[in-house]
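# Residue-level structural notes
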Amino acid sequence: MKLQRTNRLRALAAGALAVSGALVLTACGSDDNSGDGDGGSSKAASNIKCEGKGNLLASGSSAQKNAMDVWVKNYQAACPDTQINYKPTGSGAGIQEFLQGKTAFAGSDSALEAEEVTQSKKVCKGGQGVDLPLVGGPIAVTYNVSGVEDLVLDAETLAKIFDSKITKWDDAAIKKLNPDAKLPSTKIQAFHRSDDSGTTDNFTKYLNTAAPDAWKYEPAKKWAAEGGQSADGSSGIATNVKQNDGAIGYAELSYATGNDIPTVKLDTGADAPVEATTENASKAISEGEIVGKGSDLALELDYKTTAAGAYPMVLVTYEVACDKGNDAATLDATKSFLKYAASEDGQKALADIDYAPMPDEIITKVRQTVDALA
Amino acid sequence: MSIDSAPDTAAPPPAPAGKAATKQNLRPGDRVFLGLARGSGITLLVIMAAIAVFLTWQATKALTENEGNFLTTFEWDPNAEPPVFGIAVLAFGTVVSSVIAMVLAVPISIGIALFISHYAPRRVATPMAYVVDLLAAVPSIVYGLWGALFLVPHLTGLYEWMDAYLGWTGVFEYNGGAARSLFTAGILLAIMILPVVTNVSREVFKQSPKMHEEAALALGATRWEVIRISVLPFGRSGVISASMLGLGRALGETMAVATVLSPSFMIETSLLDPGGGTFAQNIAASFKEASPAGIGREALIASGLVLFVITLLVNGLARLIIARRKEYSGANA
C-alpha cells in the first residue's frame, strides 16, 4: 500500500511538472505569431454614422482579415449597438455562405463569376450581387542574400527564379538588373506557399500576365510549378526566408516589414524600379479599370503598367453584397459599416497596417454604390 | 456506482451459500457495473463504425469523380475541373518518415528504458522518468515550431556529413538548401515518439521476473548478459507493442510535420531533398481552401480513409507478432 501511495504522489508530481513545462513551452511558441496582428491605429472614430442594430454576419477572404479586424474594432467602438462578426473562412466558402443567404456580405479575393451572379439573384430579391473593391495590398517579394541590400528584379527574372530556371544568385539575368550589387554564387532557394492561397493566385496572375513566355502555368490558388521549397502560410514563408541565406519568397507586405526582411524592387519598365509600398500599390490599382457592369465594380488590374511609381504586383479584395434586395434586418447596419470602410478614415486606417487604400476614382464609385444599396 | 454498492456491503444478501450465484440473483451493483462496462465497450465499437462509415461515404463521392488514378497519381488537384488526385506521394511520405522515426527512436528508447529500469541508481532514474514524461506532454505544434526554428537550421552540418559519407547511395544525397525534408520530419517524429516507446518499454522491463535475473546472476552472468538472457526476451512483445503505439503517433502526426516539411507532390530520390508530404500534413494544408462546392473536402477525407486503413493494418500486424511471441516470452499471460 505504501508503495502505491508514493507512486501516485510521484505521478501527480510528474503530471504537474509536465503541465507547467508544456505551458512554459507553449508560451514561447506563441510569441512568434505576434507582430503582424492588428497593430493598426484606432483613431477617434468620430465620422462614423451608426445606423441599424444587431448582429452582422460576414465571412470570406482571409487576406483582408487584418483590415476587417481594424474596421470592426473602430466601428464597434463608435456603434456599440452593432455586433460584427467576420469569419476568415476563405473566399470560396465566403461566397458560398453569402449565396445561401447566411451572411450579410462576403469578402472575396476575386470578383463574382457570371454563374455566381446568376445564383445571387435568388438571394437578392430584385437585384444581384455586386463587387465592391475595398481593400488592396502589395504582394512583396522578400529575399535574404548576404551582402545584398538593394535588389531589383523584373517579371521575367522572377518567373524564371520561381520556376527553378535561374538557380544561382550571380546569374547573368540578375547581374544585368543589378550592375552595382555584389551578388554571391549562393544557390537560390525559392519559397512558395504549400497551402492553397489567394496570394499565390494573385502572384501567379501577375507572373502569367507580365511574363507570359517565362511563366506558362495557369494562375491558381495552388502552386503549379515544380521545384523550390514550400512553406505553410505567409508567416511560414517569411520565417523561412529570414533564416535561410539565398532564400526568396512572396508574402503580403506586412509579413516582410514585420519580420524586418528586405523586399525586391520591381523593374516594370518605368524610369526607376518601384518599391513595394502601399502608396505604390494604390497607384498601380488606379491604372486598372472597372470592368463590372452597372453598379458592379469588379476591377481588371493592369499588371503590365509602366507608370512611374506604380507597383503592379497587387491583390485587390472585394466585399460582395446585394445592390437591391438585401435582408431588411441587416441592411442599415451593412450600409453604415461599408460606408465607414469606404470613407476616408476607413481607407486611411488601411495604410497603417500595410494594406493599400483604394485610389480616389475607384473609392468614389464604391461610395456611390454603397449609398445606393437597398 | 458507490451509491448502488453501498447498501450491498451493509446488508449481505440472504443466502447465496448453496449454489453459485445464478444470473437471476446477480446483485444490483454487479448488474449496473456489467451494464456500464458493456455499454462502454459498445460505445467504442459504435464510434469506430461511425468514423469508418463517414469516411467511406464521403470518400466514395470523391473517388467516383476522380479523373486520375487514386493510388498512383502524383498530383493533388481535387478543386480543378476535372478533379485529379492521387495518394502515391502521401503514402510514400507517411510510411518513409514514420520508418525513419522508428529506426531512430526505438533503439534509443530501449536504451533509455533499460538505463532507467536496470542501470541507473534510483536517484537518477526517478527524475529521468519525469523528463521522459515531460517530453510526452509537449504539444505537437510546439515540437513543430522548435523543429522549424531550431532543428532545421542546425541540421545542415549533419546533412553535409551524410552527403560526404553516404551520398554515393543516392538516398542520402544533399544538394544544399534548407533541411526541410522527409528525413528532418523523421528526426522530429523520432523525438516525439521517444517518450511513448520509452515509458511502455520501461514498465515492461521492470516487470521482468526477479527470479530469472537472480538465476542468471547466480550462473555468473554479467549485467549485460542478465539483460540479454532474461530481460529482453521477456520484454520483447512489450517493446513491440510500445513501438506500434509510437508508430501510430508518427503516422498520424500533423502539425509538427506540416511546420517542418517543405511539401510538394513529387517523390525525391534523396531523402535529404525538400519535398514529399504525408496524409495528415496534406489534410491540414489543403483543408482551409478546399472548395465546398467541389470535391476538395471529400478528396481529403478519402486520403484520411487510407490513413485509417494503414493504421488498422499496422495495429493488426503488431497484434499478430505479439500473439506469436507470447508463448516464448511468457509476457501478456
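Bear in mind the structure is a predicted one, so any value in this text is a computation, not a measurement.

## Details of the sheet that holds strand 2 (residues 82-87) of chain A
Residues and elements named next belong to chain A. If you trace the eight strands from one edge of the open sheet to the other, you get 2-1-3-12-4-8-6-7, paired in mixed fashion. Looking along the sheet, the strands with just one partner apiece sit at the ends: strand 2 and strand 7 (229-231). Adjacent strand axes in the sheet meet at a mean angle of 25° when their direction is disregarded. Where strand 6 (residues 189-193) lies against strand 7, three bridges are found, and the strand directions are parallel. Following the sheet pairing, arginine 193 is matched in strand 7 by alanine 231. Here helix 7 (residues 198-210) sits on the sheet and contacts strand 4 (129-144), strand 6, strand 8 (247-252) and strand 12 (314-322); the angle it forms with strand 8, its principal contact strand, is near 110°.

## Brief notes about the packing of helix 7 (residues 182-207) of chain B against helix 9 (residues 223-252) of chain B
Residue and element names in this part refer to chain B. Helix 9 packs onto helix 7 with a crossing angle of 150° between their chain directions and a minimal axis gap of 8 Å. Taken as axis vectors, helix 7 and helix 9 run roughly antiparallel relative to one another. In terms of crossing hand, the pair formed by helix 7 and helix 9 is right-handed. Between helix 7 and helix 9, the residues in contact are Leu189, Met192, Ile193, Val196, Val197, Val200, Ser201, Val204 and Phe205 and Val231, Gly235, Gly238, Val239, Ser241, Ala242, Ser243, Leu245, Gly246, Arg249 and Ala250, respectively.

## What about the pairing of strand 12 of chain A?
Residue and element names in this part refer to chain A. A large share of strand 12 lies buried, amounting to nine of its nine residues. The side-chain alternation of strand 12 yields two buried faces, one formed by Val314, Val316, Tyr318, Val320 and Cys322 and the other by Leu315, Thr317, Glu319 and Ala321. The sheet contact formed by strand 3 (residues 105-108) and strand 12 spans three bridges and is antiparallel. Bridging from a neighbouring strand, glycine 107 pairs with glutamate 319 of strand 12. Pairing of strand 4 with strand 12 involves nine bridges; the strand directions are antiparallel.

## Remarks on the confidence of the model for chain A
All names here are of chain A. Mean pLDDT for chain A: 85, with 88% of residues reaching 70 or above. Here residues 1-6 is modelled with pLDDT under 50, and outside its nearest four sequence neighbours on either side it reaches zero contacts, counting other chains as well. In this model residues 19-45 is a low-confidence stretch, pLDDT under 50, and it forms 39 contacts with partners more than four residues away in sequence or in other chains.

## With respect to the packing of helix 8 (residues 210-218) of chain B against helix 9 of chain B
All names here are of chain B. It is at 9 Å that the axes of helix 8 and helix 9 come closest, and there the two elements cross at 135°. Between helix 8 and helix 9, the interaxial angle falls into the category oblique. Judged by the sense of rotation from one axis to the other, the crossing of helix 8 with helix 9 is right-handed. Listed contacts from helix 9 to His212, Glu213, Ala216 and Leu217 of helix 8 are Glu225, Val226, Ile229 and Ser230. Here the contact of helix 8 with helix 9 is built from residues that sort into four nonpolar, two polar and two charged.

About the thresholds
Residues numbered from 1 in each chain as written. Chains lettered and ligands numbered in written order. Predicted model: local features only at pLDDT ≥ 70, side-chain atom pairs only at ≥ 80, totals over all residues. Pairing = 2+ DSSP bridges. Helix = DSSP H or I, 4+ residues; strand = E, 2+ residues; numbered from the N terminus. Axes fitted to C-alpha atoms, helices over the stretch in contact; angles between N-to-C directions. Contact = placed C-beta atoms within 7 Å. Parallel < 35°, antiparallel > 145°, perpendicular 65-115°, else oblique. Left-handed = near helix turned anticlockwise from the far one by under 90°. Buried ≥ 20, exposed ≤ 12 C-beta atoms within 10 Å, placed from the backbone. pLDDT = per-residue confidence, 0-100. Nonpolar A, V, L, I, M, F, W, Y, C, P; charged D, E, K, R; others polar.

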